[in-house]
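Residue-level listing of the chains:
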Amino acid sequence: MMDHNHVNCETLLGSLSEYIDGELSPELCREIEKHLAGCDNCRVVLNTTRRTIDLVQSPAEAVPVPDEVRERLFKRLNLDDYLKPKSQ
Amino acid sequence: MINPTPQELSLEKLRAGDRAEMARMVDVFSAPVYRLGLRMLGSPQDAEDVLQNTFMNALTHLSEFEGRSSIATWLYRIAANEALMLIRRRKPEVNIEDLQADDPDAGLMPTQFVDWSGLPENELLSEEGKKALDAAIQTLPENLRMVFVMRDVEGLSIKETADALGLTGTNVKTRLLRARLHLRERLSAYYAERSQHLIREDKNDGS
Ligand SMILES: [Zn+2]
(Lines give C-alpha, C1' and ligand atoms only; values in the text may rest on other atoms or scores of the structure.)
Protein backbone atom coordinates (compact mmCIF):
# COMPACT_ATOMS: atom_id res chain seq x y z
CA MET A 1 0.00 0.00 0.00
CA MET A 2 1.29 3.45 -0.91
CA ASP A 3 2.03 5.46 2.17
CA HIS A 4 0.41 8.73 1.02
CA ASN A 5 -2.87 6.86 0.62
CA HIS A 6 -3.00 6.08 4.30
CA VAL A 7 -6.15 7.59 5.80
CA ASN A 8 -6.34 8.69 9.43
CA CYS A 9 -9.13 10.55 11.25
CA GLU A 10 -7.81 13.92 10.18
CA THR A 11 -7.43 13.18 6.48
CA LEU A 12 -10.82 11.46 6.48
CA LEU A 13 -12.40 14.57 7.95
CA GLY A 14 -10.79 16.72 5.25
CA SER A 15 -12.27 14.52 2.50
CA LEU A 16 -15.62 13.91 4.18
CA SER A 17 -17.69 16.27 2.01
CA GLU A 18 -16.25 14.95 -1.21
CA TYR A 19 -16.66 11.37 -0.02
CA ILE A 20 -20.35 12.01 0.74
CA ASP A 21 -20.83 13.69 -2.64
CA GLY A 22 -19.16 10.77 -4.45
CA GLU A 23 -16.36 12.90 -5.87
CA LEU A 24 -13.37 10.81 -4.79
CA SER A 25 -11.41 8.21 -6.73
CA PRO A 26 -12.28 4.54 -6.08
CA GLU A 27 -8.81 4.03 -4.52
CA LEU A 28 -9.31 6.81 -1.99
CA CYS A 29 -12.84 5.57 -1.24
CA ARG A 30 -11.45 2.12 -0.49
CA GLU A 31 -8.87 3.62 1.88
CA ILE A 32 -11.55 5.67 3.58
CA GLU A 33 -13.80 2.64 3.96
CA LYS A 34 -10.93 0.68 5.44
CA HIS A 35 -10.45 3.40 8.06
CA LEU A 36 -14.21 3.63 8.72
CA ALA A 37 -14.40 -0.11 9.40
CA GLY A 38 -12.01 0.31 12.32
CA CYS A 39 -12.96 3.76 13.66
CA ASP A 40 -16.25 4.26 15.53
CA ASN A 41 -15.91 8.03 15.82
CA CYS A 42 -15.39 8.60 12.11
CA ARG A 43 -18.34 6.31 11.34
CA VAL A 44 -20.56 8.37 13.62
CA VAL A 45 -19.36 11.63 12.07
CA LEU A 46 -20.06 10.27 8.58
CA ASN A 47 -23.52 8.93 9.48
CA THR A 48 -24.65 12.07 11.27
CA THR A 49 -23.25 14.40 8.59
CA ARG A 50 -25.13 12.44 5.91
CA ARG A 51 -28.29 12.57 7.99
CA THR A 52 -27.91 16.32 8.50
CA ILE A 53 -27.78 16.85 4.74
CA ASP A 54 -30.78 14.51 4.21
CA LEU A 55 -32.80 16.51 6.70
CA VAL A 56 -32.30 19.91 5.09
CA GLN A 57 -33.17 18.38 1.72
CA SER A 58 -36.32 16.66 2.92
CA PRO A 59 -39.58 17.83 1.31
CA ALA A 60 -40.81 18.80 4.79
CA GLU A 61 -38.23 21.59 4.70
CA ALA A 62 -39.31 22.93 1.29
CA VAL A 63 -41.22 26.14 1.96
CA PRO A 64 -43.52 27.37 -0.80
CA VAL A 65 -44.01 31.10 -1.44
CA PRO A 66 -47.20 32.10 0.41
CA ASP A 67 -49.97 33.37 -1.92
CA GLU A 68 -50.05 36.83 -0.36
CA VAL A 69 -46.28 37.15 -0.77
CA ARG A 70 -46.55 36.22 -4.44
CA GLU A 71 -49.36 38.73 -4.88
CA ARG A 72 -47.36 41.58 -3.32
CA LEU A 73 -44.34 40.63 -5.42
CA PHE A 74 -46.27 40.80 -8.70
CA LYS A 75 -47.76 44.16 -7.68
CA ARG A 76 -44.35 45.58 -6.79
CA LEU A 77 -43.03 44.43 -10.19
CA ASN A 78 -46.04 45.90 -12.02
CA LEU A 79 -46.87 42.44 -13.28
CA ASP A 80 -50.18 42.08 -11.47
CA ASP A 81 -52.05 41.55 -14.73
CA TYR A 82 -50.23 38.17 -14.85
CA LEU A 83 -51.15 37.30 -11.29
CA LYS A 84 -54.14 35.03 -11.92
CA PRO A 85 -53.13 31.90 -13.77
CA LYS A 86 -50.52 29.89 -11.91
CA SER A 87 -51.61 26.49 -10.67
CA GLN A 88 -54.78 26.29 -12.82
CA MET B 1 -27.91 20.70 -10.41
CA ILE B 2 -30.51 23.38 -11.05
CA ASN B 3 -33.75 21.79 -12.16
CA PRO B 4 -34.53 22.37 -15.80
CA THR B 5 -37.65 24.48 -16.15
CA PRO B 6 -40.70 22.80 -17.71
CA GLN B 7 -40.39 25.05 -20.71
CA GLU B 8 -37.10 26.90 -21.22
CA LEU B 9 -37.36 30.59 -20.56
CA SER B 10 -36.56 32.65 -23.62
CA LEU B 11 -33.73 35.05 -22.94
CA GLU B 12 -34.55 36.81 -26.15
CA LYS B 13 -38.13 37.52 -25.06
CA LEU B 14 -36.97 38.53 -21.59
CA ARG B 15 -34.48 41.00 -22.94
CA ALA B 16 -37.03 42.41 -25.36
CA GLY B 17 -39.22 43.23 -22.37
CA ASP B 18 -41.88 40.54 -22.88
CA ARG B 19 -43.92 40.90 -19.69
CA ALA B 20 -45.58 37.48 -19.91
CA GLU B 21 -42.14 35.89 -20.07
CA MET B 22 -40.99 38.03 -17.13
CA ALA B 23 -43.96 36.84 -15.08
CA ARG B 24 -43.04 33.28 -15.98
CA MET B 25 -39.45 33.82 -14.86
CA VAL B 26 -40.67 35.24 -11.55
CA ASP B 27 -42.90 32.21 -10.97
CA VAL B 28 -40.17 29.72 -11.88
CA PHE B 29 -37.59 31.22 -9.54
CA SER B 30 -39.49 32.88 -6.72
CA ALA B 31 -39.56 29.76 -4.52
CA PRO B 32 -35.76 29.23 -4.47
CA VAL B 33 -35.11 32.97 -4.03
CA TYR B 34 -37.63 33.17 -1.18
CA ARG B 35 -36.12 30.10 0.52
CA LEU B 36 -32.64 31.54 0.20
CA GLY B 37 -33.85 34.73 1.89
CA LEU B 38 -35.58 32.74 4.62
CA ARG B 39 -32.50 30.63 5.32
CA MET B 40 -30.09 33.54 5.23
CA LEU B 41 -32.13 36.06 7.23
CA GLY B 42 -34.29 33.75 9.31
CA SER B 43 -37.51 35.78 9.06
CA PRO B 44 -40.39 35.72 6.55
CA GLN B 45 -40.47 39.53 6.45
CA ASP B 46 -36.78 39.74 5.47
CA ALA B 47 -37.21 36.86 3.03
CA GLU B 48 -39.96 38.84 1.29
CA ASP B 49 -37.64 41.86 1.05
CA VAL B 50 -34.94 39.68 -0.53
CA LEU B 51 -37.53 38.27 -2.93
CA GLN B 52 -38.85 41.68 -4.03
CA ASN B 53 -35.44 43.35 -4.27
CA THR B 54 -33.99 40.45 -6.25
CA PHE B 55 -36.65 40.56 -8.94
CA MET B 56 -36.82 44.37 -9.03
CA ASN B 57 -33.09 44.35 -9.62
CA ALA B 58 -33.26 41.50 -12.14
CA LEU B 59 -36.04 43.05 -14.23
CA THR B 60 -34.23 46.41 -14.25
CA HIS B 61 -30.99 44.84 -15.46
CA LEU B 62 -32.36 42.18 -17.83
CA SER B 63 -31.18 44.07 -20.88
CA GLU B 64 -27.59 43.96 -19.56
CA PHE B 65 -27.66 40.22 -18.88
CA GLU B 66 -25.47 38.64 -21.52
CA GLY B 67 -26.38 35.04 -20.90
CA ARG B 68 -22.85 33.91 -20.11
CA SER B 69 -24.21 32.10 -17.07
CA SER B 70 -27.67 30.53 -16.86
CA ILE B 71 -30.61 32.68 -15.80
CA ALA B 72 -30.75 30.64 -12.61
CA THR B 73 -27.12 31.32 -11.67
CA TRP B 74 -27.57 35.01 -12.49
CA LEU B 75 -30.66 35.24 -10.26
CA TYR B 76 -28.94 33.38 -7.44
CA ARG B 77 -26.07 35.84 -7.67
CA ILE B 78 -28.44 38.81 -7.36
CA ALA B 79 -30.35 37.12 -4.54
CA ALA B 80 -27.13 36.36 -2.65
CA ASN B 81 -26.06 40.00 -2.90
CA GLU B 82 -29.46 41.26 -1.77
CA ALA B 83 -29.45 38.86 1.18
CA LEU B 84 -25.91 39.82 2.24
CA MET B 85 -26.71 43.53 1.97
CA LEU B 86 -29.73 43.08 4.21
CA ILE B 87 -27.67 41.06 6.71
CA ARG B 88 -25.04 43.82 6.81
CA ARG B 89 -27.76 46.36 7.49
CA ARG B 90 -29.19 44.17 10.28
CA LYS B 91 -25.88 43.54 12.04
CA PRO B 92 -23.06 45.75 10.83
CA GLU B 93 -20.31 44.32 13.08
CA VAL B 94 -17.78 42.01 11.46
CA ASN B 95 -18.05 38.37 12.39
CA ILE B 96 -14.60 37.08 13.42
CA GLU B 97 -15.49 33.55 12.35
CA ASP B 98 -16.23 34.76 8.84
CA LEU B 99 -12.64 35.81 8.38
CA GLN B 100 -11.52 32.21 8.82
CA ALA B 101 -14.02 30.79 6.36
CA ASP B 102 -11.39 29.71 3.86
CA ASP B 103 -8.83 28.43 6.34
CA PRO B 104 -9.06 24.68 5.73
CA ASP B 105 -7.88 23.81 9.24
CA ALA B 106 -10.05 26.15 11.27
CA GLY B 107 -12.63 24.63 13.58
CA LEU B 108 -13.12 21.27 11.93
CA MET B 109 -12.52 18.85 14.78
CA PRO B 110 -15.72 17.10 15.88
CA THR B 111 -16.35 16.80 19.61
CA GLN B 112 -19.79 15.17 19.58
CA PHE B 113 -19.95 11.45 18.87
CA VAL B 114 -23.52 10.52 19.63
CA ASP B 115 -24.97 8.58 16.69
CA TRP B 116 -28.46 10.03 16.29
CA SER B 117 -28.62 9.17 12.58
CA GLY B 118 -30.88 6.17 13.26
CA LEU B 119 -33.61 8.21 14.94
CA PRO B 120 -36.93 7.90 13.09
CA GLU B 121 -37.95 10.57 10.58
CA ASN B 122 -40.98 11.59 12.65
CA GLU B 123 -38.66 12.44 15.52
CA LEU B 124 -36.10 14.30 13.41
CA LEU B 125 -38.71 16.21 11.43
CA SER B 126 -41.13 16.86 14.29
CA GLU B 127 -41.95 20.51 14.96
CA GLU B 128 -39.25 20.52 17.61
CA GLY B 129 -36.72 18.75 15.41
CA LYS B 130 -37.30 21.23 12.57
CA LYS B 131 -36.93 24.13 14.96
CA ALA B 132 -33.60 22.75 16.17
CA LEU B 133 -32.45 22.33 12.57
CA ASP B 134 -33.48 25.88 11.60
CA ALA B 135 -31.79 27.30 14.70
CA ALA B 136 -28.61 25.35 13.95
CA ILE B 137 -28.54 26.73 10.38
CA GLN B 138 -28.89 30.26 11.77
CA THR B 139 -25.74 29.79 13.89
CA LEU B 140 -23.59 29.30 10.77
CA PRO B 141 -21.43 32.31 9.88
CA GLU B 142 -23.14 33.90 6.88
CA ASN B 143 -20.55 33.07 4.23
CA LEU B 144 -20.63 29.40 5.25
CA ARG B 145 -24.41 29.52 5.43
CA MET B 146 -24.68 30.97 1.92
CA VAL B 147 -22.62 28.14 0.44
CA PHE B 148 -24.53 25.56 2.46
CA VAL B 149 -27.93 26.95 1.41
CA MET B 150 -27.02 26.98 -2.28
CA ARG B 151 -25.34 23.60 -2.37
CA ASP B 152 -27.26 21.49 0.17
CA VAL B 153 -30.64 23.19 0.44
CA GLU B 154 -31.10 24.33 -3.17
CA GLY B 155 -29.01 21.57 -4.72
CA LEU B 156 -26.72 23.69 -6.90
CA SER B 157 -23.48 22.05 -8.04
CA ILE B 158 -20.10 23.17 -6.70
CA LYS B 159 -19.51 25.01 -9.97
CA GLU B 160 -22.90 26.74 -10.00
CA THR B 161 -22.39 27.81 -6.39
CA ALA B 162 -18.91 29.10 -7.19
CA ASP B 163 -20.22 31.06 -10.21
CA ALA B 164 -23.09 32.59 -8.29
CA LEU B 165 -20.85 33.71 -5.43
CA GLY B 166 -17.73 34.62 -7.39
CA LEU B 167 -15.65 32.03 -5.50
CA THR B 168 -13.30 29.30 -6.65
CA GLY B 169 -14.48 25.70 -6.51
CA THR B 170 -11.89 25.04 -3.81
CA ASN B 171 -13.29 27.85 -1.65
CA VAL B 172 -16.79 26.47 -2.07
CA LYS B 173 -15.65 22.97 -1.06
CA THR B 174 -13.80 24.26 2.00
CA ARG B 175 -16.77 26.33 3.14
CA LEU B 176 -19.20 23.51 2.46
CA LEU B 177 -17.20 21.05 4.56
CA ARG B 178 -16.96 23.54 7.42
CA ALA B 179 -20.67 24.34 7.22
CA ARG B 180 -21.69 20.68 7.21
CA LEU B 181 -19.42 19.82 10.16
CA HIS B 182 -20.57 22.86 12.13
CA LEU B 183 -24.22 21.93 11.61
CA ARG B 184 -23.57 18.29 12.43
CA GLU B 185 -21.88 19.34 15.65
CA ARG B 186 -24.83 21.53 16.67
CA LEU B 187 -27.44 18.91 15.89
CA SER B 188 -25.39 16.23 17.66
CA ALA B 189 -25.24 18.36 20.81
CA TYR B 190 -28.99 18.89 20.57
CA TYR B 191 -29.81 15.19 20.15
CA ALA B 192 -27.31 14.15 22.83
CA GLU B 193 -29.09 16.38 25.31
CA ARG B 194 -32.49 15.27 24.12
CA SER B 195 -31.70 11.58 24.53
CA GLN B 196 -30.57 12.30 28.10
CA HIS B 197 -33.99 13.84 28.75
CA LEU B 198 -35.75 10.84 27.25
CA ILE B 199 -33.73 8.42 29.36
CA ARG B 200 -34.53 10.42 32.49
CA GLU B 201 -38.24 10.48 31.59
CA ASP B 202 -38.15 6.71 31.04
CA LYS B 203 -36.60 6.17 34.46
CA ASN B 204 -39.18 8.40 36.11
CA ASP B 205 -41.98 6.49 34.39
CA GLY B 206 -40.57 3.20 35.63
CA SER B 207 -40.29 4.17 39.29
ZN1 LIG C 1 -11.14 7.90 12.43
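Residues numbered from 1 in each chain as written. Chains lettered and ligands numbered in written order. Predicted model: local features only at pLDDT ≥ 70, side-chain atom pairs only at ≥ 80, totals over all residues. Heavy atoms only, no water.

Structural notes on the overall build of chain A
Then, number 1: Of the regular secondary structure elements, chain A holds 4 helices and 0 strands.
Then, number 2: Listing each helix as α and each strand as β along chain A from the N terminus yields α-α-α-α.
Then, number 3: Expressed as a percentage of its 88 residues, the buried residues of chain A come to 41%.
Then, number 4: Look at the contacts in chain A between residues 6 or more apart in sequence, and 48% of them connect residues 24 or more apart.
Then, number 5: Summing over all exposed atoms, chain A offers an accessible surface of approximately 5300 Å²; the carbon and sulfur share of this is 50%. (Helix = DSSP H or I, 4+ residues; strand = E, 2+ residues; numbered from the N terminus. Buried < 20%, exposed > 50% of the residue type's maximum accessible area, 1.4 Å probe, protein only. Contact = heavy atoms within 4.5 Å. Areas by Shrake-Rupley, 256 points an atom, 1.4 Å probe, with all protein chains shown as cover.)

A closer look at the overall build of chain B
Then, number 1: Along the backbone of chain B there are 10 helices and 0 strands.
Then, number 2: Along chain B, helices (α) and strands (β) appear in the sequence α-α-α-α-α-α-α-α-α-α when read from the amino end.
Then, number 3: Within the span of chain B, comprising 207 residues, buried residues form 48% of the whole.
Then, number 4: Roughly 10300 Å² of accessible area belongs to chain B as shown, and the carbon and sulfur atoms make up 51% of that amount.

Regarding the packing of helix α2 (residues 19–41) of chain B against helix α8 (residues 142–153) of chain B
Helices that pack against each other are described as a pair by the angle of their axes relative to one another and the distance between those axes.
Residues and elements named next belong to chain B.
Then, number 1: Contact geometry for α2 and α8: axes closest at 10 Å, N-to-C directions at 145°. The handedness of the crossing between α2 and α8 comes out as right-handed. Between α2 and α8, the contacting residues are Leu36, Arg39, Met40 and Leu41 on the first element and Glu142, Arg145, Met146, Val149, Met150 and Val153 on the second.
Then, number 2: Partitioned by chemical class, the residues of the contact of α2 with α8 number 7 nonpolar, no polar and 3 charged. (Axes fitted to C-alpha atoms, helices over the stretch in contact; angles between N-to-C directions. Left-handed = near helix turned anticlockwise from the far one by under 90°. Nonpolar A, V, L, I, M, F, W, Y, C, P; charged D, E, K, R; others polar.)

Quick look at the confidence of the model for chain A
Then, number 1: Summary statistics for chain A give a mean pLDDT of 90 and a share of 90% for residues scoring 70 or more.
Then, number 2: Taking the mean pLDDT of every element in chain A, the minimum, 95, falls on helix α1 (residues 9–20) of chain A and the maximum, 97, on helix α4 (residues 67–76) of chain A. (pLDDT = per-residue confidence, 0-100.)

Things to note about the coordination of the zinc ion
All names here are of chain A.
Then, number 1: Binding of the zinc ion to the protein goes through Cys9 (SG), His35 (NE2), Cys39 (SG) and Cys42 (SG), at separations of 2.0 to 2.4 Å.
Then, number 2: Seen from the zinc ion, its 4 donor atoms lie at angles of 105 to 113°, and the figure they make is tetrahedral.
Then, number 3: Binding-site remark: the zinc ion is held by donors from one chain whose sequence spacing is C-x25-H-x3-C-x2-C. With respect to burial, His35 and Cys39 carry one shared label: buried. (Donors = N, O, S within 2.8 Å, 3.2 Å for Na, K, Ca; no water. Tetrahedral: all angles 85-135°; square planar, octahedral: opposite > 155°, others 65-115°.)

Some thoughts on the interface of chain B and chain A
Then, number 1: Counting from both sides, the interface comprises 49 residues of chain B and, opposite them, 41 residues of chain A.
Then, number 2: Between chain B and chain A the total buried area reaches about 4000 Å² when both faces are included, carbon and sulfur atoms providing 64% of it.
Then, number 3: Where chain B meets chain A, there are 7 salt bridges.
Then, number 4: The salt bridge involving Arg70 of chain A is made with Asp27 of chain B; its shortest N-O contact spans 2.7 Å.
Then, number 5: At the junction of chain B and chain A, the tally comes to 15 residue pairs in polar contact (both at pLDDT 80 or more).
Then, number 6: At the level of secondary structure, the elements contributing two or more residues to the side of chain B that touches chain A comprise α2, α3 (44–61), α6 (121–124), α7 (127–138), α8 and α10 (169–206) of chain B.
Then, number 7: Looking at the side of chain B that touches chain A element by element, the count peaks at 12 residues for α2 of chain B.
Then, number 8: Looking at the side of chain B that touches chain A, its residues break down into 30 nonpolar, 5 polar and 14 charged. (Buried area = accessible area lost by both parts, 1.4 Å probe. Salt bridge = Lys/Arg side-chain N within 4 Å of Asp/Glu carboxyl O. Polar contact = N/O pair within 3.5 Å; in protein donor to acceptor, adjacent residues only side chain to side chain.)

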